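Breakdown of the fold
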Amino acid sequence: MTMNATSGNACPPPMKSASNGGFQGDNPLDFALPLAILQICLVFVVTRGLAYLLRPLRQPRVIAEIVGGILLGPSALGRNKSYLQAVFPPRSLTVLDTLANLGLLFFLFLAGLELDPKSLRKTGKEALGIAIAGISLPFALGIGSSFVLQATIAKGVDSTAFLVFMGVALSITAFPVLARILAELKLLTTNVGRMAMSAAAVNDIAAWILLALAVALSGNSESPFVSLWVFLSGCGFVVFSILIMPPIFKWMTQRCHEGEPVDEIYICATLAVVLAAGFVTDAIGIHAMFGSFVMGVLVPKNGPFASALVEKLEDLVSGLFLPLYFVSSGLKTDIPTIQGLQSWGLLALVIFTACFGKIVGTIVVSLFCKVPLKEALALGFLMNSKGLVELIVLNIGKDRKVLNDQTFAIMVLMALFTTFITTPAVMAVYKPARKAKLAVYKYRTIERKNTYSQLAILACFHSARNIPSMINLIEASRGTQNRDALCVYAMHLKEFSERTSSILMVHKVRKNGLPFCHKHHRADSNHHVVAFEAYRQLSQVSIRPMTAISSMTNMHEDICATAERKRAAVIILPFHKHQRLDGSLETTRNDYKLVNRRVLEHAPCSVGILVDRGLGGLSHVSASNVSYCVTVLFFGGSDDREALAYGARMAEHPGIRLVVLRFVVEPSISGEIVRVDVSKGESSSTGSVSEDEEVLTEFQKKIAGDDSIMYEEKAVKDVAETVAVIREFSQCNLFLVGLKPEGEVVCALKRSEYPELGPVGSLLVSQDCPTIATVLVMQQYHNGVPAKFDTE
């Protein structure tokens, strides 16, 4: 009987790692490796799908990951026991939790990299006061709510540990989540953003100290001295790390030079140190994540070393392994345990207590520090955001038996609600004027009466691939030898994402979340800055590198706002396709096509789309070696006049030969070409023709006697002849064309494969026109009238 009872209650055997395959009768879901792969893939699909659905609401990805974990757990899909037993059987949870905690360990190392200890020293009195109020009042209210919970649904738990856990859970502000919300709303470096980040940094450090205390108090030992020894040992570990590790990390950083790959031994050694620190803190009795977080804080933030660590870790950890932690948490969250009026009333009480403590405490102190009311309200909601750190606290409490199932579910829903309302609440109460009304500036086009006035260009680029052609185009645009004739702002367009590297980049922003200038060339500047800085020193051009960090949906706002702030006459944008080795065009990213179209619609000045085919080769061509042939295809209209004006300016460069081809219809067959868009009326067409004639007449007068400029008129009778003429001049280096040329010939082309390039630009990049020339398509500014594009 005893043997039967024992065998009946025996634990299931541990899972083997890999199966022999289905053909040999093995079920892959009975083995650890294939089951873990299935779990990871399922988690990835669910969390990324939810993140996509929540993107229009501008919610941080942590919301999708928390909700995804809950959906995969017993609260939703897990109510089907067959699914739960097949995909998340109890014997697989050890492997899942191990992977999840390993991902958590390295993620908190990255979170430590985001936190700069030097910024804490610069924390002002206002931010310090807000941080203290944002900790003390919610902590006190958390203690108060803990007594209510202990008297109802949390009977029999360790009173001291439960009290501290509740206080910590309500007083936390999630620093990484807050940084992403601020960056998404472009508030990171406003007064509100700076104050919120400073207060959150102080709050974060205080929360980790309180969490270490809570973990120490939640041990199994009945002796209070054990908890004291755990806490003191943790403090000793931190002190030891502060004394020993910074010199070692600094030594590694000094041996990593900008522009050179970081030696693998330094990366591996750092990751080994992170794991060792996690082992030590786990052995002490707090948690492995404490050690990894401390190591992240101590790594120097300047130089390529920290960037290399982030680059090696962030995608694998944040994108693949960290969501497992949310699923691990979701498997412990059983929302149906919240039953009855009492339980839902306790949920409302906890949410109200959490929000009231954070928001009211922050607002009162902010108003006392003479912060405006709207900013104080925004600070209150921002400081109320929770996230991963909150889940870490709750999971430790659940594992240490301090929180039961019902309390755990209530606290998870509280964290989800407070984080979800942060973005819409801040957008509702605080809308800073990001774009101040600027004085009207005169030169918004290249075409102008005073051709000797300074030309301001905003040249945008996506990556190092665009830089050589962009610099060579700038060199061709400098015109006369007057140093002040050209002013260029070279803006690197970077996408903001949930990645740690994006937050590290955004921390450098100086002006209200808008693009910032690299005013001082430093040794740790990136290679994009170095390239433009070298060109500035060798040329006669005033050039200033910039960086814009935006999501793809509002990147055009940064470009247009910067063009207006810098009083640019033209914005140069790279085409969304780049040239492959075989000469064909390959899509870089389709998102950039939408960015270009939005800029064309909303730009405060003229715009040029550059189809890069290696203008001048793969390196910067010095001024003395420039030898380009630039061809302007002129059909008529304001955009063509802008292309002509740009070409005329380029022709001032001694190394450039300009060819202007004007296309006219042979009189005898002008009626045979189909006329398009006749609804515009005779007056508009006549006015445009008269302007074209006036500009061309003036242009011919200016170029009289100039051997470097050739002007020809080509009479054509149909589209075939037009294409044939263009092919004759296809051996030039650069074509300049208008986005929307006018006239009967161009209307007959009817080619709109790329609406942002127009009919002529689309022809030049198509297979019908075999040319290796770079193409620059110009749109002239039309007094604020937005451009329209046909949807494909």
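Since we're looking at a predicted model, the values are computed, not measured. Residue numbers run consecutively from 1 along every chain, following the written order of its sequence. For a predicted model such as this one, the threshold for reporting local features is a pLDDT of at least 70, and the threshold for listing and counting side-chain atom pairs is 80 or more; totals across whole chains, interfaces and linings nevertheless cover every residue. Side-chain measures here rest on the full set of heavy atoms in the structure, leaving out hydrogens and waters.

Things to note about the packing of aromatic side chains
Here is the rule: rings of Phe, Tyr and Trp (six-membered ring for Trp) pair when centre to centre is within 6.5 Å. Planes less than 30 degrees apart are stacked, more than 60 are edge-to-face, and the remainder are tilted. If you walk through the whole model with that rule in mind, you get 6 aromatic pairs. Residues Y83 and F88 carry aromatic rings whose centres are separated by 6.2 Å and whose planes lie at 75 degrees to one another, so their mutual orientation is edge-to-face. According to the relative accessible area criterion, Y83 is buried, its value standing at 16%. With centroids separated by 5.9 Å and ring planes inclined at 90 degrees, the aromatic side chains of W251 and Y266 adopt a geometry described as edge-to-face. One end of the pair, W251, is in helix α11 (residues 224–254); the other, Y266, is in helix α12 (residues 264–284), and 15 residues separate them in sequence. Each residue is assigned to one of three classes by its accessible area relative to the maximum for its type, calculated with a 1.4 Å probe on protein chains only: buried under 20%, partly exposed between the two thresholds, exposed over 50%. Where helices and strands are cited, they refer to DSSP runs of H or I of at least four residues and of E of at least two residues respectively, numbered from the N terminus.

Quick notes on the side chain of E756
Topologically, E756 is positioned in the loop between α28 (744–749) and α29 (758–764). Any pair of N or O atoms that falls within 3.5 Å is considered a polar contact. Within protein, one atom must be able to donate a hydrogen and the other to accept it, and sequence-neighbouring residues count only if both atoms are side-chain atoms. Among the polar contacts listed, one links the side chain of E756 to the side chain of H576, at a separation of 3.4 Å.

Concerning the pairing of strand β5 (residues 570–574)
Taken across its 5 residues, β5 has 5 buried, putting it largely inside the fold. Both faces of β5 are covered, namely the face carrying V570, I572 and P574 and the face carrying I571 and L573. Each pair of strands is called paired provided DSSP finds at least two bridges between the two strands. Pairing geometry for strand β1 (residues 455–461) and β5, over 3 bridges, is parallel. Residue A459 lies in a different strand from β5, and its bridge partner there is I572. Two elements, β5 and strand β8 (residues 606–611), share 5 bridges in a ladder whose sense is parallel. In the strand pairing of β8, I572 is matched with G608.

Here's the deal with the nonpolar core
We define the nonpolar core as a collection of buried residues of types Ala, Val, Leu, Ile, Met, Phe, Trp, Tyr and Cys that are connected through side-chain atoms lying within 4.5 Å of one another. Ranked by internal contacts, the top residues of the largest apolar core, which has 142 residues, are F88, L211, M289, M295, F305 and I392. In terms of residue count, helix α10 (residues 191–217) provides more of this core than any other element does, 15 residues in total. Contacts were defined at the residue level, with two residues in contact if any of their heavy atoms lie within 4.5 Å. Residues in contact with M295, not counting those within four places in the same chain, are F109, F237, S241, M245, F249, V273, V274 and A277. Counting residues in each nonpolar core, the second largest holds 56 residues, with Y441, L585, L600 and F729 among its members.

Here we look at helix α15 (residues 340–368)
In this model α15 runs 42 Å from its N-terminal to its C-terminal C-alpha over 29 residues, within 8% of the 42 Å that 1.5 Å per residue would give. K370 occupies a position one or two residues after α15 and carries a positive phi of about 65 degrees. Each residue after the first adds 1.5 Å to the expected span of a helix.

A few points about unusual backbone geometry
Unusually for a residue other than glycine, R58 sits at a positive phi of about 60 degrees. Owing to a relative accessible area of 27%, R58 belongs among the partly exposed residues under this scheme. Here the phi dihedral of R567 falls at roughly 55 degrees; this positive angle occurs in a residue that is not glycine. Take R567: it is sitting in the loop between α23 (555–565) and β5.

A look at the pattern of salt bridges
When a carboxyl oxygen of Asp or Glu lies within 4 Å of a side-chain nitrogen of Lys or Arg, that pair is called a salt bridge. Using the criterion set out here, one finds 13 salt bridges in the structure. Of the charged contacts, one joins R597 and E756 as a salt bridge, the two residues approaching to 3.3 Å between their closest N and O atoms. You can see R597 sitting in helix α24 (residues 590–602) and its partner E756 sitting in the loop between α28 and α29, a full 159 residues away along the chain. The same class applies to R597 as to E756, namely buried. It is possible to trace a salt-bridge network through shared partners that takes in E447, R641, E691 and D692.

Here we look at the pairing of strand β10 (residues 656–665)
Here β10 lies mainly inside the structure; 7 of its 10 residues are buried. Pairing analysis gives 7 bridges linking strand β9 (residues 628–634) to β10, with the strands arranged parallel. Paired with F634 across the strands is R662, a residue of β10. Place the viewer so that the strands point away; then a crossover is right-handed whenever the path from the first strand over the helix to the second strand goes clockwise. Between β9 and its parallel partner β10, the chain crosses via helix α25 (residues 638–650), and the hand of that crossover is right-handed.

Section: the packing of helix α3 (residues 61–72) against helix α14 (residues 304–332)
Note on geometry: axes are lines fitted to C-alpha atoms, helical ones only across the stretch in contact, with angles between N-to-C directions running from 0 to 180 degrees. Where α3 contacts α14, the axes come no closer than 7 Å and their chain directions differ by 50 degrees. Between α3 and α14, the crossing angle belongs to the class labelled oblique. As for how α3 packs across α14, the hand of that crossing is right-handed. Between α3, through R61, V62, E65, I66, G69, I70 and L72, and α14, the contact on the second element is made entirely by S318, G319, P323, F326, V327, G330 and L331. Amino acids outside the nonpolar list (Ala, Val, Leu, Ile, Met, Phe, Trp, Tyr, Cys, Pro) and the charged list (Asp, Glu, Lys, Arg) are all regarded as polar, and Gly is one of them. Residues belonging to the contact of α3 with α14 are distributed by class as follows: 8 nonpolar, 4 polar and 2 charged. Roughly parallel means an angle under 35 degrees; roughly antiparallel, over 145; roughly perpendicular, 65 to 115; everything else is oblique. The sense of a crossing depends on the near helix, which, turned anticlockwise from the far helix by less than a right angle, makes the crossing left-handed and, turned clockwise, makes it right-handed.

Some remarks on the confidence of the model for the protein
The pLDDT averaged across the protein works out to 81; a share of 84% of its residues lies at or above 70. Long-range and interchain partners of residues 510–514, a stretch whose pLDDT sits below 50, account for 17 contacts in this model, where long-range means more than four residues apart. Here residues 520–525 is modelled with pLDDT under 50, and outside its nearest four sequence neighbours on either side it reaches 10 contacts, counting other chains as well. Every residue is assigned a pLDDT by the predictor, reflecting its confidence on a scale from 0 to 100.

Remarks on the packing of α14 against helix α17 (residues 388–399)
Packing of α14 against α17 leaves a shortest axis separation of 11 Å and a crossing angle of 45 degrees. Here α14 lies oblique to α17, going by the angle between them. In the crossing of α14 with α17, the sense of the turn from one axis to the other is left-handed. Facing L322, Y325, F326, S329 and K332 of α14, the residues of α17 in contact are L388, L391, I392, N395, K398 and D399. Considered class by class, the residues forming the contact of α14 with α17 number 6 nonpolar, 2 polar and 3 charged.

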